[in-house]
Amino acid sequence: MTKQLSFTLIVGILGVALAPAHAGVTGSKKSSNGAQFTVDEGTLRIEFWSPEIVRVTYADGAQLPTNKSLSVIASPGKVKLTRGENDRFVTLASTDINVKIDKQTGAVSFFDSAGHVLLEETPDGRGVKPATVAGAAVPSYSQSFETASDEGIYGLGQHQRGVWNYAGGNGGNVRLAQANTDVGVPVMTSSKGYMLLWDNPAVTTISSSAASDSDNGKKSLRWSSEFGRAIDYYFCYGDGTIGTALKAYRHLTGDAPLMPKWELGFWQCKERYASQDELLGVAKKLRDLKVPVDGIIQDWQYWPPGTNTWGSHLFDTNRYPDAAGMFKELHDLHYHTLISVWAKFDLGSSNSAELNAVGGMFPQVTSYAFPPGHGQWYDPFAITGRQTYWKQMRDQLFAKGVDGWWLDAPEPEIGGMGFRTYTTPIGPGYTVYNAYPLMHSMGIYQGQRAATEKKRVVILTRSAYAGQQRNSTITWSGDIQGTWDVLRAQIPAGLNFSLSGIPYWNTDTGGFFGNRSAGNGNPANPQYQELFSRWFQFSAFCPMFRVHGSYGLNPGKEIWRFDEKTQDTMRTYLNLRYRLMPYLYSVAWDVTENGSTFMRPLVVDFPKDPQVRGIGNQYLFGPAMMVTPVTSAGATNQSVYLPAASGTWFNFWTGETSPAGQRVEATAPVETLPLFIRPGSIIPMGPLLQYSSEKPADPIELRIYPGADGKFTLYEDEGDTYDYEKKVFATIPIEWNEAGQTLTIGKRSGNFPGMLKERTFHVVFVSPGHGVGNAETPADAVVHYTGKASVVRQKK
């Protein structure tokens, strides 16, 4: 921000006189974890919250506003700082981050401990201007940054443009405003290994521009919020890897709770199962056909017909004569069930009246065309609103045996961004616009946690905001079309969402909408069979594996409605998903314990390979398995980049190896998804299952992919309680030493009810044609494990 400043002589933090000629900084004050400065007639504060986290706040005037963050739940810790000052800069440094404040401009820059620049505010890059939002005169704040010419910028939520790297103007401006298929999360991640949380839930635009000669090769990136009380952002950086930044970010905004094991299984649903008989009939037939499956979902309109039943949580007894009995029967069939719940209520329902009575409902009345009616939206920013909303769900649905929640339209889906005109207990709607899904899911998570510790919370939701991972949510990508272009766009959308700090994400496999006249969405259409097969393969490597589709595409997308070849493909990936359950559940634990993520863009694990910065159609699923979905009709080969590593990559299906740091043309007929395994990987595979808890993972086929040192921690617990928070679980460290060609299955730590005291590991050293695909492989070594360390040497 450019302003004329008076000539003032001031004294710096260390007692050094600051040069008056171009004095952007005109005053300063030391604090225990940073410093505060007077800059351009405004106030700038630098706070270290940990060695890996710095908060930067700026506002016009002599006082900073007291901003209560909805995303941040951590508190500042005690950080040992090194302070310095010279004629040009004031410096504040932890062991990981060095912050410099330019005395002439007040701009803040971030460096690593070796002095390499990470991110710089643009001189004169702060903006404060008047704006009009929802008819109100408000201040609008913005901040510009300079990024390196070769830097990749990712995250920002989920957007359906097919854009992976947002740096340098790729994809144009990104607008963070919650909507169906568009998820606004104000978090960006850099290929340099830092993350930035822009802590403002108002509608925000991120604009970027390409580098030019006049910019010394640097790119410009600007954050602009339509409303703000201040510029307020957090910078997270650890050892230069995205993984350590992500862990710091989770510390700041909340860890992701461990999902129950059944969430990792297969989920069948459609829009919609219209009766108790239909839902149970599908569930029974899947079991009869021995299709591995853990979950089924009851979508909307299970309630009675009429104009005052939306949000009533009642079941139409003509179609659902015994809802509690239905859920019990599903449990007896080893299913778990999610049910659709909305934040919208018909006028006249008893639940609506109760919410209005406690001040938990927005007074505005909206109309909707299908089904026709008028209603109100509940206010999750009101404590009484959240508590009453959960109480109704608990007494009317959870008590009947529902296992989890499908939050539809939680943006909220009020036409014309009407929520901006509403008033919440913490401010006008435009001040908190993007945080509605965070607060909505928080009320349910906290409510269920208070009700029981014996069932983990599972929330499937169509929208998300920064910090929402702590509410045990899975975001789906919205009501998307079933086309090749849309499938192609899902991959960078999901990867950017993952780099927004939220680890659980999925799509409507096959697309939600289709074109009946064109046969798009019809399981009998050969063209759709190919698209569905490719989409199904991709979904098998998403944190939630779920099929869905709209009512207009009846009779649905259950496996028996497809041709035999497509069914065979589906079974291949269903069986693989369930054989990988020990791997998947251990990865889920790593997400919770170490702040990692399921879908890992290549830039996360291979930051020194410049080729991966532009690759948004490949990713690691967990630490070992590289997935490259096929997204073109008629393809029989797929170009795959094998990132630079210390060994050769393995083709999962053949065991053949290929050198790292090059592209290969992978054979990819319609039944084959290209899968490559990272050298040094250890993948535990269990027995074939019909559902996730059918039997213990014994024996475990332990596949070893030589070529580099490797580690993996096998995690196990009861599967569906919060006792793991009390350390009721067991871990087994497993390590491969490449130089010594030895595998060490370490000493088990911990225990839990039902734990196998003894078990068998079938060790398989993968080679061409050996330890490949879904099939169980004859062991190269058998380890009868009793909890004590055991060493296996690969035979030459």
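Model, not experiment: these values are computed from the prediction. (Residues numbered from 1 in each chain as written. Predicted model: local features only at pLDDT ≥ 70, side-chain atom pairs only at ≥ 80, totals over all residues. Heavy atoms only, no water.)

## Some thoughts on the sheet that holds strand β7 (residues 82–85)
Point 1. The strand order β7-β8-β9-β10-β11-β12-β18-β17-β14 describes an open sheet built from 9 strands, whose pairing is antiparallel. Looking at the sheet topology across the chains shown, the edges are occupied by β7 and β14 (174–176). Ignoring strand direction, the axes of neighbouring strands in this sheet form an average angle of 20°.
Point 2. The pairing of strand β10 (residues 108–112) with strand β11 (residues 117–133) spans 3 bridges and is classified as antiparallel. When the sheet's bridge partners are listed, Ser109 is paired in β11 with Glu120. (Pairing = 2+ DSSP bridges. Helix = DSSP H or I, 4+ residues; strand = E, 2+ residues; numbered from the N terminus. Axes fitted to C-alpha atoms, helices over the stretch in contact; angles between N-to-C directions.)

## With respect to the environment of Phe362
Point 1. Note that Phe362 resides in the loop between α4 (350–357) and β24 (366–368).
Point 2. For Phe362, a relative accessible area of 1% translates into the label buried.
Point 3. Once the C-alpha coordinates of Phe362 and Tyr378 are considered, the two residues, 16 residues apart in sequence, prove to be 5.8 Å apart.
Point 4. Other than its neighbours up to four places away in sequence, Phe362 contacts Gln376, Trp377, Tyr378, Asp379, Phe419, Tyr422, Thr423, Thr424 and Tyr436. (Buried < 20%, exposed > 50% of the residue type's maximum accessible area, 1.4 Å probe, protein only. Contact = heavy atoms within 4.5 Å.)

## Regarding the side chain of Thr473
Point 1. Its place among the elements puts Thr473 in strand β30 (residues 473–476).
Point 2. Of note is the side chain of Thr473, whose polar atom sits 3.3 Å from the backbone oxygen of Gln468.
Point 3. Filtering out sequence-adjacent residues up to four positions away, Thr473 remains in contact with Met259, Ser441, Ile459, Thr461, Gln468 and Tyr504. (Polar contact = N/O pair within 3.5 Å; in protein donor to acceptor, adjacent residues only side chain to side chain.)

## Considering the pattern of salt bridges
Point 1. Summed over all chains, the structure comprises 33 salt bridges.
Point 2. Between Arg546 and Asp508 there is a salt bridge whose closest N-O contact spans 2.7 Å. One end of the pair, Arg546, is in strand β32 (residues 545–547); the other, Asp508, is in the loop between β31 (505–506) and α8 (526–539), with 38 residues separating them in the sequence.
Point 3. A cluster of three or more residues bridged by salt bridges with shared partners is formed by Asp408, Glu411, Glu413, Arg462 and Asp479. (Salt bridge = Lys/Arg side-chain N within 4 Å of Asp/Glu carboxyl O.)

## Observations concerning the confidence of the model for the chain
Point 1. Here the chain averages 94 in pLDDT, while 96% of its residues score no lower than 70.
Point 2. Throughout residues 1–23 the model reports pLDDT below 50, and contacts reaching past four residues in sequence, or to other chains, amount to 50 contacts. (pLDDT = per-residue confidence, 0-100.)

## Regarding helix α6 (residues 436–451)
Point 1. Taking 1.5 Å as the rise per residue, α6 with 16 residues should run 22 Å; its terminal C-alpha atoms sit 23 Å apart, in good agreement.
Point 2. Burial within α6 is extensive, with 13 of its 16 residues counted as buried. (Expected span 1.5 Å × (residues − 1).)

## A closer look at the environment of Glu278
Point 1. The topology assignment puts Glu278 in helix α2 (residues 276–288).
Point 2. Residues Glu278 and Tyr320 lie 42 residues apart in sequence; the distance between their C-alpha atoms is 9.9 Å.
Point 3. With residues near it in sequence (within four places) discarded, Glu278 still touches Lys270, Arg272 and Tyr273.

## Examining the environment of Arg83
Point 1. Within the secondary structure, Arg83 is located in strand β7.
Point 2. Classification of Arg83 as partly exposed rests on a relative accessible area of 23%.
Point 3. Sequence separation of Arg83 and Lys608 is 525 residues, and the distance between their C-alpha atoms is 31 Å.
Point 4. In this structure the side chain of Arg83 is engaged in a polar contact, spanning 2.7 Å, whose partner is the backbone oxygen of Ser31.
Point 5. A distance of 2.8 Å separates a polar side-chain atom of Arg83 from the backbone oxygen of Gly34.

## As for the nonpolar core
Point 1. Formed by 191 residues in total, the largest nonpolar core has its most connected members in Trp405, Phe541, Met625 and Leu743.
Point 2. Counting residues per element, this core draws most heavily on helix α10 (residues 581–594), at 8 residues.
Point 3. For Leu743, the residues in contact, after removing those within four places along its chain, are Ile682, Leu702, Ile704, Ile734, Glu735, Trp736, Val763, Ser790, Val791 and Val792.
Point 4. Membership of the second largest hydrophobic core comes to 44 residues, among which are Leu44, Ile101, Ala167 and Ile231. (Core = buried A, V, L, I, M, F, W, Y, C linked by side-chain atoms within 4.5 Å.)

## Section: the side chain of Arg759
Point 1. Counting through the fold element by element, Arg759 comes out in strand β47 (residues 759–765).
Point 2. Arg759 gets classed as buried once you look at its relative accessible area, which sits at 3%.
Point 3. Among the polar contacts made by the side chain of Arg759, one reaches the main-chain carbonyl oxygen of Ala697 at a distance of 2.8 Å.
Point 4. At a separation of 2.6 Å, a polar atom in the side chain of Arg759 contacts the side chain of Glu716.
Point 5. Once you skip the residues sitting within four places of it in the chain, Arg759 turns out to touch Ala697, Asp698, Ile700, Leu714, Glu716, Ile732, Val783, His784 and Tyr785.

## Some remarks on the sheet that holds strand β41 (residues 682–685)
Point 1. If you trace the 4 strands from one edge of the open sheet to the other, you get β41-β42-β47-β48, paired in mixed fashion. Since the sheet does not close on itself, it has two edges, and those belong to β41 and β48 (781–785), each with one partner. Averaged over all adjacent pairs, the angle separating strand axes in this sheet is 25°, with direction ignored.
Point 2. Pairing of β47 with β48 involves 5 bridges; the strand directions are antiparallel. Directly across from Thr760, in β48, lies its bridge partner His784.

## Considering the pairing of β47
Point 1. Within β47, 6 of the 7 residues are buried, which leaves the element mostly enclosed by the surrounding structure.
Point 2. Sheet analysis places strand β42 (residues 700–704) next to β47, joined by 5 bridges and oriented parallel. Considered in β47, the bridge of Glu701 is made with His762.

## Side note on unusual backbone geometry
Point 1. Here Glu411 and Pro412 are connected by a cis peptide whose omega angle stands at 5°.
Point 2. Within the secondary structure, Pro412 sits in the loop between β26 (404–408) and β27 (423–424).
Point 3. Between Asp698 and Pro699 the backbone carries a cis peptide bond, its omega angle lying at 0°.
Point 4. With respect to the helices and strands, Pro699 occurs in the loop between β41 and β42.
Point 5. Its identity is not glycine, yet Met417 carries a phi of approximately 55°, on the positive side.
Point 6. Note that Met417 resides in the loop between β26 and β27.

## Thoughts on the packing of aromatic side chains
Point 1. Within the structure shown, the criterion is met by 55 aromatic pairs.
Point 2. An angle of 80° between the planes, with centres 5.5 Å apart, marks the rings of Phe419 and Tyr436 as edge-to-face. Remark: Tyr436 occurs in helix α6 and Phe419 occurs in the loop between β26 and β27; sequence separation between them is 17 residues.
Point 3. In this structure Tyr436 comes out as buried when scored by relative accessible area, which is 0%.
Point 4. Linked through ring pairs, Trp300, Tyr302, Trp303, Trp310, Phe315, Tyr320, Phe327 and Trp342 together constitute an aromatic cluster.
Point 5. Its guanidinium or amino end placed over the ring of Tyr58, Arg126 lies 4.9 Å from that ring's centre, counting from NZ or CZ. (Phe/Tyr/Trp six-rings, centres within 6.5 Å; stacked < 30°, edge-to-face > 60°. Lys NZ or Arg CZ within 6 Å of the ring centre and 35° of its normal.)

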